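As a plain string of letters, each chain reads:
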Amino acid sequence: MDFLLNILSHWDSVLAVLVVLGGLIFFHELGHFGMARLLGMGVRTFSLGFGPKLLTFRRGKTDYCLSLIPLGGYVALAGEEDDEEPRSSGESKDIDGIVFDANELFSERPAWNRLLVVLAGPVANFALALVICWVLALAQGETYRLPVVGSVLAESPAAAAGVQPGDTIVQIDAVSINTWDQVMAGVGAGNGKPLHLVLLRDGEERSLVVTPEAKTRPNLFGEMKPAWLIGISDAGKIGTTPLGVLDAISSGTIKTWDMIAFTCESFVKLFQRVVPLDNVGGPILIAQMIGQQAENGLLAVLMLAALISVNLGILNLLPIPVLDGGHIVFLTLEMILRHPVSLTARNMAARVGMALLLCLMLLATWNDLVRLFS
């Protein structure tokens, strides 16, 4: 009962989880649906949600459904289960009392048509992330960390030179500094040579000379990398620059690309075992993150939704049978070989892929439960 009351007391977070997770998966399926219809393929069912159908109506040859479980949706294409049948038959097919012409069947279409339909799901996730980043850039402007010193390590080059917490770094070697990223770049660019810093302290400018020392520091993946450091950290203060429409589109596009690049690198580091397997998370972790961001407002939820959308798109592109990436591999081979991969090989690969996917889901769920109860 206490658990139920706790959920009800955070109903807004629960709603955010349902909307974000359900919306992202639904948008993925919407990509498949939109491309299939654009290419003239028949769609038997397009459902918002899973499980028992609560509401159904038919338009044309497609049943549009509202289902009980609101976490995503699914698309059932006409003839998608008929890959083993000859595509040259040219015969129409009766599916649940609805007759689809041969050219409407997924299995009867050229491989490149089917490839576009499969690709459309992940692409829809990337497109959604792009639009969200555009909107956020227009609403928030360009945010950046201010070059304000938060702490100074004892016995560090900065401490020896007289740098103090609260100082604002305005120049490094006569180059103007406006962001903390520029501070890090300026210190690293010197390659260990003495740096001439201009600081703003209590409204007055002060000049100091600091000599960086060679150290190692962890990157985002925990790898220790060599770096030139002076022993300071930022104060966590944020600045904002308003953006016009064109600048917001440019900024949002760059941010989306950075998300895609970072996520791809994360998967690579995971397979290289640089990132420990216990960092893998599943639906429980995602729900926790969405719930936490819901307390910070709509914009925070939208930024997280963009990142999850990118992750969902890339995850589906992994070359694992039963995922979109596995289908892409088979369809690409079909276009190269000029004939489909044998049904036996595809079925065997599907079993292996399902086993891998199940293991991944079990690992993610186990990690989620360990984090939840630890």
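Residues numbered from 1 in each chain as written. Predicted model: local features only at pLDDT ≥ 70, side-chain atom pairs only at ≥ 80, totals over all residues. Heavy atoms only, no water.

This part is about the pattern of salt bridges. Across all of its chains, the model carries seven salt bridges by this definition. A salt bridge links Asp 63 to Arg 58, with the shortest nitrogen-to-oxygen separation between them at 2.7 Å. Using a relative accessible area of 17% as the deciding quantity, one classes Asp 63 as buried. Since its relative accessible area comes to 49%, Arg 58 is described here as partly exposed. (Salt bridge = Lys/Arg side-chain N within 4 Å of Asp/Glu carboxyl O. Buried < 20%, exposed > 50% of the residue type's maximum accessible area, 1.4 Å probe, protein only.)

Two quantities define a packed helix pair, namely the angle between the axes and the distance from one axis to the other. Remark: helix H3 (residues 111-140) packs on helix H9 (residues 324-337), axes separated minimally by 9 Å, with the N-to-C direction vectors making an angle of 160°. Put simply, H3 runs roughly antiparallel to H9. Regarding H3 and H9, the two cross each other, and that crossing is left-handed. Between H3 and H9, the contacting residues are Ala 111, Trp 112, Arg 114, Leu 115, Val 118, Leu 119 and Pro 122 on the first element and Asp 324, His 327, Ile 328, Leu 331, Glu 334 and Met 335 on the second. Within the contact of H3 with H9, the residues separate by chemical class into nine nonpolar, one polar and three charged. (Axes fitted to C-alpha atoms, helices over the stretch in contact; angles between N-to-C directions. Helix = DSSP H or I, 4+ residues; strand = E, 2+ residues; numbered from the N terminus. Parallel < 35°, antiparallel > 145°, perpendicular 65-115°, else oblique. Left-handed = near helix turned anticlockwise from the far one by under 90°. Contact = heavy atoms within 4.5 Å. Nonpolar A, V, L, I, M, F, W, Y, C, P; charged D, E, K, R; others polar.)

What follows deals with the environment of Phe 262. Inspection of the secondary structure assignment puts Phe 262 in helix H6 (residues 245-271). Look at Phe 262 and you get partly exposed, because its relative accessible area is 35%. C-alpha of Phe 262 to C-alpha of Thr 56: the two residues are 206 residues apart in sequence and 41 Å apart in space. Apart from the residues lying within four places of it in its own chain, the contact partners of Phe 262 are Leu 220 and Phe 221.

Bringing the sheet that holds strand E10 (residues 204-210) into the picture now. Pairing between the strands of a sheet comes from backbone hydrogen bonds, and it takes one of two forms, parallel or antiparallel. Within the open sheet, the four strands sit side by side as E8-E7-E9-E10. Their pairing is antiparallel. Of all the strands in the sheet, the pair left with one neighbour each is strand E8 (175-176) and E10. Sheet topology note: the strand E7 (residues 168-172)/E8 ladder contains two bridges and is antiparallel. Looking at E8, one finds that Ile 172 is bridged to Val 175. Sitting on the sheet, helix H5 (residues 180-189) touches E7, E8 and strand E9 (195-201), and the angle it makes with E7 is about 45°. (Pairing = 2+ DSSP bridges.)

With that settled, the discussion passes to the environment of Val 163. Note that Val 163 resides in the loop between helix H4 (157-161) and E7. Considering only alpha carbons, one finds Val 163 and Gly 150, 13 residues apart in sequence, at a separation of 11 Å. Residue contacts for Val 163: discarding those within four places in its chain leaves Val 149, Val 152, Ala 158, Leu 199, Arg 201, Leu 208, Val 210 and Ile 232.

Another aspect to go through is the side chain of His 32. Its location among the elements puts His 32 in helix H2 (residues 11-38). Within the structure, His 32 has its side chain in polar contact with the backbone oxygen of Val 117 (distance 2.7 Å). Among the polar contacts listed, one links the side chain of His 32 to the side chain of Asp 324, at a separation of 3.4 Å. Setting aside anything within four residues of it in sequence, one finds His 32 in contact with Val 117, Val 118, Ala 120, Gly 121, Pro 122 and Asp 324. (Polar contact = N/O pair within 3.5 Å; in protein donor to acceptor, adjacent residues only side chain to side chain.)

Taking 1.5 Å as the rise per residue, H6 with 27 residues should run 39 Å; its terminal C-alpha atoms sit 39 Å apart, in good agreement. Every buried residue of H6 is listed here: Ala 248, Ser 251, Gly 252, Thr 256, Met 259, Ile 260, Thr 263, Phe 267, Lys 269 and Leu 270. For H6, the secondary structure elements touched by its buried residues are H3, strand E5 (142-145) and helix H8 (298-317). Immediately beyond the C-terminal end of H6, within one or two residues, lies Arg 273, with a positive phi of roughly 65°. (Expected span 1.5 Å × (residues − 1).)

The subject of this paragraph is the packing of H3 against H6. At a minimum axis separation of 8 Å, H3 and H6 run at an interaxial angle of 135°. Viewed along their axes, H3 and H6 adopt a mutual orientation that is oblique. Seen along the crossing, H3 lies across H6 with a hand that is right-handed. Where H3 abuts H6, its residues Phe 126, Ala 129, Leu 130, Cys 133, Trp 134, Ala 137 and Leu 138 lie against Val 245, Ala 248, Ile 249, Ser 251, Gly 252, Thr 253, Lys 255, Thr 256, Met 259 and Ile 260. Taken together, the residues of the contact of H3 with H6 break down into 12 nonpolar, four polar and one charged.

Turning to the environment of Met 303, a few remarks are in order. Here Met 303 shows up in helix H8. Under the relative-accessibility criterion, Met 303 is labelled partly exposed at 26%. Residues Met 303 and Gln 293 lie 10 residues apart in sequence; the distance between their C-alpha atoms is 9.1 Å. Not counting the four nearest positions on each side in its chain, Met 303 is found in contact with Leu 136, Lys 255 and Met 259.

Turning to unusual backbone geometry, a few remarks are in order. Notably, Asp 173 is not glycine yet its phi reads approximately 50°, a positive angle. With respect to the secondary-structure elements, Asp 173 resides in the loop between E7 and E8. Although it is not a glycine, Asp 202 sits at a positive phi angle of roughly 55°. Mapping Asp 202 onto the fold places it in the loop between E9 and E10. Accessibility expressed as a relative area gives 74% for Asp 202, which makes it exposed.

Our next topic: the packing of aromatic side chains. One pass over the full model with this rule turns up five aromatic pairs. Centroid distance Phe 26 to Phe 46: 5.4 Å. Interplanar angle 15°. Geometry classified as stacked. Taken together, the residues span a long stretch of sequence, with Phe 26 in helix H2 and Phe 46 in strand E1 (residues 43-59) at a distance of 20 residues. According to the relative accessible area criterion, Phe 46 is buried, its value standing at 9%. Of the aromatic side chains, those joined through ring pairs into one cluster are Phe 26, Phe 33, Phe 46, Phe 57 and Tyr 64. (Phe/Tyr/Trp six-rings, centres within 6.5 Å; stacked < 30°, edge-to-face > 60°.)

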